[in-house]
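Residue-level structure breakdown
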Amino acid sequence: YKNDLLYLFYGRPAYKPAESFPASRLLELMPICLVIDPEIVERAARILPFDSGGFPRYAELIGPQLELAHFELGLDRVMPSRLIAAFYESARNYYEQRPTLGEESIGISKLAARAYARLIADAAIREVDDRCGTIEVQLKRSVSLQKHLRAIVAPAQLFDDPDMLDALKRCPKAVPMPYKTYGRSTPAGFSGTIYEKVETLFESMGVFA
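Reference entry: report on the structure contained in this document. (Residues numbered from 1 in each chain as written. Predicted model: local features only at pLDDT ≥ 70, side-chain atom pairs only at ≥ 80, totals over all residues. Heavy atoms only, no water.)

**Examining the packing of aromatic side chains**
Under the criterion given, the structure shown has 12 aromatic pairs. With centroids separated by 5.2 Å and ring planes inclined at 65°, the aromatic side chains of Phe-50 and Tyr-58 adopt a geometry described as edge-to-face. Each member of the pair, Phe-50 together with Tyr-58, is buried. Of the aromatic side chains, those joined through ring pairs into one cluster are Phe-50, Phe-55, Tyr-58 and Phe-71. (Phe/Tyr/Trp six-rings, centres within 6.5 Å; stacked < 30°, edge-to-face > 60°. Buried < 20%, exposed > 50% of the residue type's maximum accessible area, 1.4 Å probe, protein only.)

Right, here's the structure in full:
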């Protein structure tokens, strides 16, 4: 988009850091997930139903008639929840990526909606992961972690670090959620662990009620 933006995923820890890194014992490479208060959606500069950076990979399913701009959802703060209700019916289904609305149920003239339904239902082996079905929120402004951080998922050793503990004291609403590491590991190998940790948090918060 040719300007400085903060990219966040809505309701799912879908980002895959250091995907190409091989295994190591470097804890600083292990993934961290920051859970931010959803009220920051009010500040969105742009909302899309998927990872905008992956758009070129979606071409086979989206087709030649649609461009990235056709998928912008507008800036109303309810747009993420409306999309989830339409294509997944519930927050639980969205989190687990189990779409409930098929392409055949959408009018032929609704090209973007039909393309999105195809994309999130595709089961083929491709260079496309669950970011294709995770809502992206773009911000032009910074976010105060002191005000808006609700949880941090990170390697357990990080929560023994004095600087980290001092920083967390300044984020009173942030819940520390440590996970264990087991020697040489790839950063991407902890994606499932982070999903499970965030799922536990969301269940305690009533997100899936």
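**Details of the sheet that holds strand S1 (residues 6-9)**
On the basis of which strands lie adjacent, the open sheet formed by three strands has the order S1-S4-S3 and antiparallel pairing. Two strands close off the open sheet at either side, each with one partner strand: S1 and strand S3 (44-48). Ignoring strand direction, the axes of neighbouring strands in this sheet form an average angle of 20°. Where S1 meets strand S4 (residues 136-139), four bridges bridge the pair, whose relative direction is antiparallel. If you follow Leu-6 over to S4, its bridge partner there is Leu-139. (Pairing = 2+ DSSP bridges. Helix = DSSP H or I, 4+ residues; strand = E, 2+ residues; numbered from the N terminus. Axes fitted to C-alpha atoms, helices over the stretch in contact; angles between N-to-C directions.)

**Examining the pairing of strand S6 (residues 175-179)**
Taken residue by residue, a regular strand's side chains alternate between the two faces of the sheet. Both strand S5 (residues 149-155) and S6 contribute to a ladder of five bridges, which runs parallel. Of the residues in S6, the one forming a bridge with Ala-154 is Pro-178. Handedness of the β-α-β unit built from S5, helix H6 (residues 162-169) and S6 comes out right-handed. (Right-handed = clockwise from strand over helix to strand, strands pointing away.)

**A few points about the pattern of salt bridges**
Per the counting criterion, the structure on display carries 16 salt bridges. A salt bridge links Glu-96 to Arg-92, with the shortest nitrogen-to-oxygen separation between them at 3.5 Å. Assessed through its relative accessible area of 35%, Glu-96 is described here as partly exposed. Given the relative accessible area of 22%, Arg-92 is considered partly exposed. Connected through shared salt-bridge partners, Arg-92, Glu-96, Arg-98, Glu-199 and Glu-203 make up one network. (Salt bridge = Lys/Arg side-chain N within 4 Å of Asp/Glu carboxyl O.)

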